[in-house]
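Listed below are the residues making up each chain.
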Amino acid sequence: MDPGPSRFSRKRLKTPEEISESTLDSPQPSTKKVKRTGSNGKGKGKGKGHETETLESEQEWPEYFNSLFKLFKAINTVLAFVSSRKQLANSFPAIRASVENIIKEPIDLSKVAELKALLPDIIKFAYVPRTSLQVFDSKKKRDNSPDFSIISQTRDSLIGLTQAEEGSDSESEHVLSLEFADNWKGTLTGSGSSLPNEAHFSGLNSRTPKATKRLVERRNERFRKAVDELLAATPPSDDPVALVQKAARDHIPVNPDTTSDDPFAMDDGPILPIPDPEHRPSIEEVLEEIQEQRWQALRNSRGIESFYTHQAAAINAIWENKDVIVSTPTASGKSVIYQVPLLRFLEENRNATAIFVYPTKALAQDQRTALENLLVACPGLEHVQVSTYDGDTPQHLRAGIRTTASVIFTNFDMIHVSILPHEELWRSFLKNLKLFVVDELHYYSGNMGSHVAQIMRRFRRLCAAVGNRRTRFVSCSATISNPGKHMVDIFGISPDQIEVVQKDGTPAGQKDFIIWQSPYIDEEEKSFGRSGAIGEATGLMRHLMKRGIRVILFCKIRKVMKALRAELTSQGRHDILNRVQAYRGGYSPEVRAMQNAPHSPLHTNTKPQDRRRIENEAFTGHLLGIVATNALELGVDIGVLDAVIMLGFPMNIASFRQQSGRAGRRRRDSMAILVATGYPLDQYYVKNPSELFDGATDDLIVDLDNKFILEAHLQCAAHEMPVSLEDEKYFGPMTREICEKMLHKDNDGWFHTHNKYLPSPSKLINIRGSKEDKYVLVDVTKSARHATILEEIEISRALFEIYEGAVGKHLLYHILWNIYAKCSSLSDEQVHHIKHDGKMAELKQADVNWTTRPRDFTDVNAIETYRIREIKDSSHLAYYGRVDVRTQVFGFHKIRHGTILDIVDVESDPWEQETTGMWIDVPPFVLDLIREKHIKPAAAIHSAEHAFLNQFVLSQDLKTECKAEEKELIIYDPAANASGVAAKAFDNVSDILFRAFAKIIQRIALGVLSGSCKEKNAVASKAGALAILKAIIGRDVDPDSIPEEIDDMRHQQGHDSIVTASFVRRRVDVKVETCSEK
C-alpha cells in the first residue's frame, strides 16, 4: 500500500530488489587485488581530489566468509533503503523477508551475530522497546501528517518489509532491532540559535539514490577489510571461521520479555553472579579488565597519604574557646568535629542548646539520624531532644520545639524568617546556645552568601543582647582556597579568634582518577564521530556493577537513567536493575501544602521517605548504582561507594572534587571517572588533565558592600531590635549612611524599620533572590482523581519544557505535556499555549519514542540608560540601566537518536522580563575586521562576554544570553534575582576588561569558556573575543594578528544577525562618570 504524499520527499527510491540487481547478483570473486586511481592517474576520476578504489586481495577467503558476505550485502542493501527514509522502521522482523528474498534462503540468527562479531562497532543488533521504532504517536497524530509507522503494518504493507516473524507475540514490549551506526541522520546546519528562519534546516530530506549506492559500497568495503584483517591476524593453527562463530555467541541478543536458558548475554558474555561487596575485585583488577577490552581512556592515577590529625586539632581548638573552620576533602569525617564537643556541652549543662545549619533538607535529615544514634549510645544523654525546624515543620509543633529541643537542625531561610523576627519566643534557647554549626560553608557565596553574612551579623547582635557572648561557631567546608577569610566574611568574627584546619588526616585507600574520552565509532571511518558520552557512561556503570563495584553516576540530564534501564533490560540483567535507583530532589512547601490540602486528589510519587529509603539502601550496601544530580554532592552519607562517574565536567573544579570525593570512604580503594562530552570545556580538560588536580579553586566571594542587601537586612534588624550607630561593629561603615537615609529615627537616636517594609520585613527579603513563579507538574494519565505530583519547576524552565506537543522525560517515562490554566482543582479545559500566570501543568504518559527540543528566540535589549562610565585609556564608554529580556518559543523539533523527525510550529505568549544590566557597544570597525577573517561576530561577542564574566568574582549571579546573536556586549541581573550585582560589575568595568584581555593574551584557553554556558560553549571564537576586547580598551587592532577561522564550520553556520546598536534613551542629567580604577 502506498503511504501517499509526504512532505519529506517526493522522489521515488529503488526497492531493495532493484538495488540488488546491480550490487548483489554478480558473483563474489575468491581472490581480489588492490588498485587505487586518482584524478591525475590513468583511472577514471570525477573531479579534483576524487579517488576511486577497487579492493582485491591476493589472499583467498574461505567459502564460509563469501556466504557471510552475501548475507551482509543483502542486509546492507535493505537497511540502506530503509534508513534513507527516517519514517520507516528498521526492526529485524520487518526487514527479514526482504533479505531472504535476495539471498534465496532463510536467515539464521547466529549468522547475523557473526556479522556483528566482525564489525561490533558498526552493526547494532539488540532488543529495544517496541515504541523506539515508532515515529509518530499511534494514538494521535497532527492533521495532514501521514503515519509512517511500520510496526502495525502487515507483511505486504511496504515494499517487501514484514511486520514481525510469524507466530511472534504482537504484544511483546520489545522488538529485535538491526541497524548500522552510520545510518542517515539528517543534519541541522544552524548556529544553534533557533531563529524563526528555518532555511538552514535540511534534516528532513531523504537520501538520494546516488548517496544510497555510495553508502552501500562503503559498508561493503568495510566488511572486506574486516575479513582481511581477521585472516591476516589468525595464526595458522587456528580456524578463523571457528573464531568468528565463538565470538558471535557474545552478540546473540537476549529478549527481555522472555526467560532464556541461553547463558550468554549480548555484550558481556556469561551472566555471572554479582560478587558480594566484601569480595569484589580490586579497582586495579577492574581497570586492567577494562583496558583488556580495548576501552580507550586517558588515565591519571594518584595515591592519597593519610595522617588522621584534623579531627583532633579542631576539637582541641573548640576546647580552647576558639571558633573553627575545617576545610578538608569529602568523606573526611568532619561531622565528628562538632558532635564530640556537643556531647561535652550537654554533659556539663543539661540546658545547653545548639543550632546545626545545613544547605539541604536531605543532609540535615542524614546528620540528625547520626546524632540521635550517638546520643542514644551515651549514658545520661538519652533524654536529649533533637528536632528539625524548617519549612516543613508543622505550625502546631513549633512551640514545643522552641521550649523542649536541645538541638535544632535548620537552615538560614528559617533563621531569617522565623527565628530572628520572633526573638522573644527563642530568648531562652539563645541564652543557652553553646554551639552554632554551619556545614558545607562553601555553599554560601555570591548573592546568597552575601545575604547569609548579614543574617549572621543580625544573629550575633541578638545573642549579645540577651547576654550570650560565649557561643562557639564551627563551620565545615570542602577544600576551598581561603577558608579562614570566608569564615570571617560569613560570620563577621575576628580572624584571630578562628582556628583554620586544612590538613586532612583521614585514612584512605588508593584512588584512581580516569579521564574518559569516547572512542571513535569506527577507527577506520572517523567521520562517523565518537561514541556518545551517555552510552559510554552507562556502559561503564554496567561494567562496574556486574563486578560488584558500587557506583554513583552524576549527570545533568534525566534520560541517563532511562538509557541505563533499557540497556540492562536488553541484556536480561534484572538482578542489577533492581539494585539501581535514581536520586531526585524534593518539593517546596507550596507543593506540599497543595498536596495536603483538604479533598486534594494530588499525591507525590517521590516523597522524602522515598529518598530516605534510597539513602538507607545505599548505606546498607543493597544498592549497586545510583544515578543522581549534584544533590548528593553535599555530604549525605550513603555508605561506601567504590566508584564515581561524572558525565561531563561539573560546573567548576570545586564541584569536580566534591563529586569525585564521594567514593573511597573507609580505606577502600576507589576510582573516579570523568566521561568527557564533545563540548569545548570537557575537551580542554581531556588535553590538560593536571589542571583538575593542580588547578586552584575559585575564591568564594561575599559582597559585604552591597547596599541593596545591607539596607534590606538593616530594615530586618531594626524590626527585631532598634538599631543604633554602635551597630557599625556588626554591619560595617555604611551603617550610618543607610540608617539616616532609609530608616526612621526617633527622638532618642534609635533607628526603626521604614513603614514600607512593615509589618514583616523579613518576608519581603528572599535570601535566594526574588521568588520565581513555579509550575506544578501533575501526572493525570489514569484520571484527574488519581493525579500524581511529579515535580515543581520554575517558570524560566517551564517556558522551554512545557508547550503544546512537547515531550519530555520524567525519570523512566515519556511524558506528553498538556498545559491547563490555573485552577483550584484539576480542570478538563485544555489550552493550546502556555500562560505565564498559570501554576499547574497536567501531563499524560504517551506511547512515543521521540523527544522535543524547543525552537526559541531570546532578545536582550538595553532600554534606558541610568549611568555612563569611562573605560580606562579608551574612548569607548560603558552603560548601565534598564534591560528588557523577551523570550519566545515558536516551535519545536521532534528528535530521536539525534535525528530530526519533524519541525513543528506552535503559538505561545512571549515571556517578558524587566531587569537591570550593563552594556558596551562593540565598535563597528572591529566587527568588519572579524567578518573579513570569516569569524562569526556572534561567536566573538559570546566569547568576549564569557571572558568578562570569568574575571568578575560575582559572575554566578549574572547572566548573558548565550544563544541569541546580540548587538552589543551585554551583562544583566536575572529578573528573579535583581540585587544590584550588575551595578557592581559596571563600577569595576575597566579592571574586569583588562583582566579578561590579559587572560586571553596569556593563551589561557579557559578564558573564553564557561561551565555555566547553557549552550555548552558550542559557538565560540577566542580570536574574535580578543579583537573585540582590544578595541573596547583602546588598543590598536592589527588585522594581520587576527587568524582566519574559515575551516571551523561551527562559527560559520547560520546567518550573521549582528547589527549596529540602536539608540538607547537616557535619563535626564545623566553624566559620564570618571574612571577611578587603577
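Since the model is a prediction, treat every value here as computed from it, not as a measurement.

S.K.: For this particular structure, what's the right way to read the overall build of the chain?
M.R.: Along its length, the chain carries 32 helices and 33 strands. Counting only residues that meet the buried cut, the chain has 54% of its 1078 residues in that class. Long-range pairs, those at least 24 residues apart, make up 76% of the contacts in the chain between residues at least 6 apart in sequence. As presented, the chain carries roughly 48200 Å² of accessible surface, and 49% of it is formed by carbon and sulfur atoms.

S.K.: Would you explain helix 16 (residues 533–546) in this entry?
M.R.: For an α-helix the count is 3.6 residues per turn, leaving residues at separations of three or four pointing the same way. Taking 1.5 Å per residue, 14 residues should reach 20 Å; helix 16 reaches 20 Å between its end C-alpha atoms and fits that length. Summarising burial for helix 16: twelve of the 14 residues are buried, a large majority. One or two residues past the end of helix 16 sits Gly 548, with phi positive at roughly 80°.

S.K.: Is there a simple way to think about the sheet that holds strand 6 (residues 323–327) in this case?
M.R.: Taken in spatial order, the seven strands make up an open sheet running 8-9-7-10-11-6-12, and their pairing is parallel. Where the open sheet ends on each side, the last strands, each with one partner, are strand 8 (386–388) and strand 12 (498–501). Strand-to-strand twist of the sheet, defined as the mean angle between neighbouring strand axes without regard to direction, takes the value 15°. Here strand 7 (residues 353–357) runs beside strand 9 (residues 407–410); their pairing, made up of four bridges, is parallel. Note that in strand 9 the partner of Ala 354 across the bridge is Val 407. Here helix 15 (residues 483–491) sits on the sheet and contacts strand 6, strand 10 (433–438), strand 11 (472–477) and strand 12; the angle it forms with strand 6, its principal contact strand, is near 130°.

S.K.: In this structure, what is going on with unusual backbone geometry? I would like to understand it.
M.R.: Most peptide bonds are trans, and most residues other than glycine sit at a negative phi. In this structure, Pro 759 follows Leu 758 across a cis peptide bond, with omega equal to 10°. In this fold, Pro 759 is placed in the loop between strand 21 (751–752) and strand 22 (774–779). One non-glycine residue with positive phi stands out, namely Lys 104, at about 65°. Mapping Lys 104 onto the fold places it in the loop between helix 3 (92–103) and helix 4 (109–118). Positive phi, normally seen in glycine, also occurs at Glu 440, with a value near 55°. With respect to the helices and strands, Glu 440 occurs in the loop between strand 10 and helix 14 (446–465).

S.K.: I would appreciate a short explanation of the nonpolar core in the present structure.
M.R.: Proteins that are soluble and globular tend to have nonpolar side chains buried together. Core analysis: the biggest nonpolar cluster contains 70 residues, and Met 918 and Leu 993 have the highest contact counts within it. Residues in contact with Leu 993, not counting those within four places in the same chain, are Ile 871, Ile 920, Phe 948, Leu 1029, Ile 1032 and Ile 1033. In this structure, Leu 68, Val 82, Ile 95 and Ala 226 belong to the second largest nonpolar core, which totals 39 residues.

S.K.: How should I be thinking about the confidence of the model for the chain in this particular structure?
M.R.: Segments scoring low in pLDDT should not have their predicted coordinates read at a detailed level. Summary statistics for the chain give a mean pLDDT of 75 and a share of 72% for residues scoring 70 or more. Across residues 184–205, where pLDDT falls below 50, the model places 66 contacts with residues more than four positions away in sequence or in other chains. In the model, residues 586–606 has pLDDT below 50 throughout and makes 55 contacts with residues more than four positions away in sequence or in other chains.

S.K.: Would you mind showing me how to read the pattern of salt bridges here?
M.R.: Oppositely charged side chains can pair when the atoms bearing their charge come close. For the coordinates displayed, the defined rule picks out 27 salt bridges. The salt bridge involving Arg 472 is made with Asp 323; its shortest N-O contact spans 3.2 Å. On the criterion of sequence distance, the pair formed by Arg 472 in strand 11 and Asp 323 in strand 6 is long-range, its members being 149 residues apart. Asp 323 matches Arg 472 in its accessibility class, with the two residues each being buried. Its salt-bridge partner being Glu 372, residue Arg 368 comes within 3.0 Å of it at the nearest N-O pair. Pair noted here: Arg 368 and Glu 372 are both in helix 10 (residues 361–376), with a separation of four residues, about one helical turn. Taking relative accessible area as the criterion, Glu 372 reaches 29% and is therefore assigned partly exposed. It is possible to trace a salt-bridge network through shared partners that takes in Arg 867, Arg 869, Asp 987 and Glu 1073.

S.K.: Teacher, can you tell me more about the environment of Lys 546 here?
M.R.: With respect to the secondary-structure elements, Lys 546 resides in helix 16. In this structure the C-alpha to C-alpha distance between Lys 546 and Asp 575, which are 29 residues apart in sequence, comes to 9.6 Å.

S.K.: Would you explain the packing of aromatic side chains in this entry?
M.R.: Remark: the centre distance and the inter-plane angle together describe each pair of aromatic rings, the angle taken between the planes. This structure, assessed with the given rule, holds 26 aromatic pairs. Seen in terms of ring centroids, Phe 412 and Tyr 444 are 5.1 Å apart; in terms of plane orientation they differ by 90°. Their pairing is edge-to-face. With Phe 412 in helix 12 (residues 412–419) and Tyr 444 in the loop between strand 10 and helix 14, this residue pair connects regions lying 32 residues apart in the sequence. Each member of the pair, Phe 412 as well as Tyr 444, carries the same accessibility label: buried. Both rings, one in Phe 473 and one in Phe 491, keep their centres 5.5 Å apart while their planes meet at 55°; by these two values the pair is tilted. Taken together, the residues Phe 473 in strand 11 and Phe 491 in helix 15 connect sequence positions 18 residues apart. As far as the burial class goes, Phe 473 and Phe 491 line up, both buried. When the ring centre of Tyr 520 is taken as reference, the NZ or CZ atom of Arg 530 above it lies at 4.1 Å.

S.K.: Help me out: how do you make sense of the packing of helix 9 (residues 335–348) against helix 10 in this one?
M.R.: Helix-helix packing: each pair is described by the crossing angle between the helix axes and the interaxial distance. One can describe the packing of helix 9 onto helix 10 by two numbers: an axis separation of 11 Å at closest approach and a directional angle of 45°. With respect to helix 10, the element helix 9 is oriented oblique. The two elements helix 9 and helix 10 meet at a crossing, and its hand is right-handed. Mapping the contact onto sequence places Ser 335, Tyr 338, Gln 339, Leu 342, Leu 343 and Leu 346 in helix 9 and Gln 367, Ala 370, Leu 371, Leu 374 and Leu 375 in helix 10. Counted by class, the contact of helix 9 with helix 10 contains eight nonpolar, three polar and no charged residues.

S.K.: I'm lost on the side chain of His 416 in this one. Help?
M.R.: Note that His 416 resides in helix 12. Residue class for His 416 comes out buried when judged on its relative accessible area of 1%.

S.K.: Mind showing me how you'd approach helix 5 (residues 209–233) here?
M.R.: With 25 residues, helix 5 extends 36 Å from end C-alpha to end C-alpha; this agrees with the ideal 36 Å at 1.5 Å per step. Those residues of helix 5 lying buried are Ala 211, Thr 212, Leu 215, Val 216, Arg 219, Asn 220, Glu 221, Arg 222, Phe 223, Ala 226, Val 227 and Leu 231. Buried residues along helix 5 sit in contact with helix 2 (63–83), helix 4, strand 4 (174–180) and helix 6 (240–248).

Conventions and cut-offs
Residues numbered from 1 in each chain as written. Predicted model: local features only at pLDDT ≥ 70, side-chain atom pairs only at ≥ 80, totals over all residues. Heavy atoms only, no water. Helix = DSSP H or I, 4+ residues; strand = E, 2+ residues; numbered from the N terminus. Buried < 20%, exposed > 50% of the residue type's maximum accessible area, 1.4 Å probe, protein only. Contact = heavy atoms within 4.5 Å. Areas by Shrake-Rupley, 256 points an atom, 1.4 Å probe, with all protein chains shown as cover. Expected span 1.5 Å × (residues − 1). Pairing = 2+ DSSP bridges. Axes fitted to C-alpha atoms, helices over the stretch in contact; angles between N-to-C directions. Core = buried A, V, L, I, M, F, W, Y, C linked by side-chain atoms within 4.5 Å. pLDDT = per-residue confidence, 0-100. Salt bridge = Lys/Arg side-chain N within 4 Å of Asp/Glu carboxyl O. Phe/Tyr/Trp six-rings, centres within 6.5 Å; stacked < 30°, edge-to-face > 60°. Lys NZ or Arg CZ within 6 Å of the ring centre and 35° of its normal. Parallel < 35°, antiparallel > 145°, perpendicular 65-115°, else oblique. Left-handed = near helix turned anticlockwise from the far one by under 90°. Nonpolar A, V, L, I, M, F, W, Y, C, P; charged D, E, K, R; others polar.

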